[in-house]
Amino acid sequence: MLINKKYSNFIAKAVLDDEKNIFNYELSKNIGKQGTLLFFVYQDFWEVSKNEILELNEFYKEFQDLNVNLAIISIDSEHSHQYLLNAVSYTHLTLPTIA
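This section reports on the structure supplied with the text.

### Focus on the overall build of the protein chain
For step 1, the next point in the chain: Looking only at helices and strands, one finds 3 helices and 5 strands in the protein chain.
For step 2, the next point in the chain: Written out in order from the N terminus, the α and β elements of the protein chain read β-β-β-α-α-β-α-β.
For step 3, the next point in the chain: Burial status across the protein chain gives 34% buried among its 99 residues.
For step 4, the next point in the chain: Of all intrachain contacts in the protein chain linking residues separated by at least 6 positions in sequence, the fraction that spans at least 24 positions is 65%.
For step 5, the next point in the chain: As displayed, the protein chain has an accessible area near 6,500 Å², and 53% of this comes from carbon and sulfur atoms.

In structure tokens:
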């Protein structure tokens with residue numbers, strides 16, 4: 001866990017629910033005033049990850065109110081993320097999912 005420490009900037013493919021389009025997510029452009037929480041999951045469709053993603057999504061607005069950006073990173077590709085967002089249980093996912 002890196003708290004109040006320097007980070008390595010990165011650019012990676014990501015998907016957002018509102019558009020379901022693939023875009024470049026750049027960490028340095030998404031740092032909140034209070035920081036950023038990058039939540040790492042093993043795979044999108046692994047049952048534990050799926051439950052964690054949905055639970056974290058429930059708190060997304062609260063993190064935004066604290067000026068903390070939130071994003072999910074997994075080993076899956078951006079195309080898998082698009083498929084994930086089209087799945088019934090993820091129709092209201094508001095977190096960017098990074099490949």
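Following the structure, the description resumes.
### Thoughts on the sheet that holds strand 5 (residues 97–98)
For step 1, the next point in the chain: One open sheet holds the 5 strands; their spatial order is 2-1-5-4-3, and the pairing between them is mixed. Lying at the two open borders of the sheet, with one neighbouring strand each, are strand 2 (22–26) and strand 3 (35–40).
For step 2, the next point in the chain: Of the pairings in the sheet, the one linking strand 4 (residues 68–73) to strand 5 comprises 2 bridges and is parallel in character. Among the inter-strand pairings, Ile72 is bridged to a residue of strand 5, identified as Thr97.
For step 3, the next point in the chain: Against the sheet, helix 3 (residues 78–86) contacts strand 1 (11–15), strand 2 and strand 5, and its axis sits at roughly 20° relative to strand 1.

### Description of the environment of His81
For step 1, the next point in the chain: Examined against the element boundaries, His81 turns out to sit in helix 3.
For step 2, the next point in the chain: For His81 and Lys13, which are 68 residues apart along the polypeptide, the C-alpha to C-alpha distance reads 9.9 Å.

### What about the pattern of salt bridges?
For step 1, the next point in the chain: For the structure on display, the rule yields 2 salt bridges.
For step 2, the next point in the chain: Salt-bridge contacts for Glu26 lead to Lys29; the nearest nitrogen and oxygen are separated by 3.7 Å.
For step 3, the next point in the chain: Overall, the relative accessible area of 68% leaves Lys29 in the exposed class.

Quick notes on the rules
- Residues numbered from 1 in each chain as written.
- Predicted model: local features only at pLDDT ≥ 70, side-chain atom pairs only at ≥ 80, totals over all residues.
- Heavy atoms only, no water.
- Helix = DSSP H or I, 4+ residues; strand = E, 2+ residues; numbered from the N terminus.
- Buried < 20%, exposed > 50% of the residue type's maximum accessible area, 1.4 Å probe, protein only.
- Contact = heavy atoms within 4.5 Å.
- Areas by Shrake-Rupley, 256 points an atom, 1.4 Å probe, with all protein chains shown as cover.
- Pairing = 2+ DSSP bridges.
- Axes fitted to C-alpha atoms, helices over the stretch in contact; angles between N-to-C directions.
- Salt bridge = Lys/Arg side-chain N within 4 Å of Asp/Glu carboxyl O.

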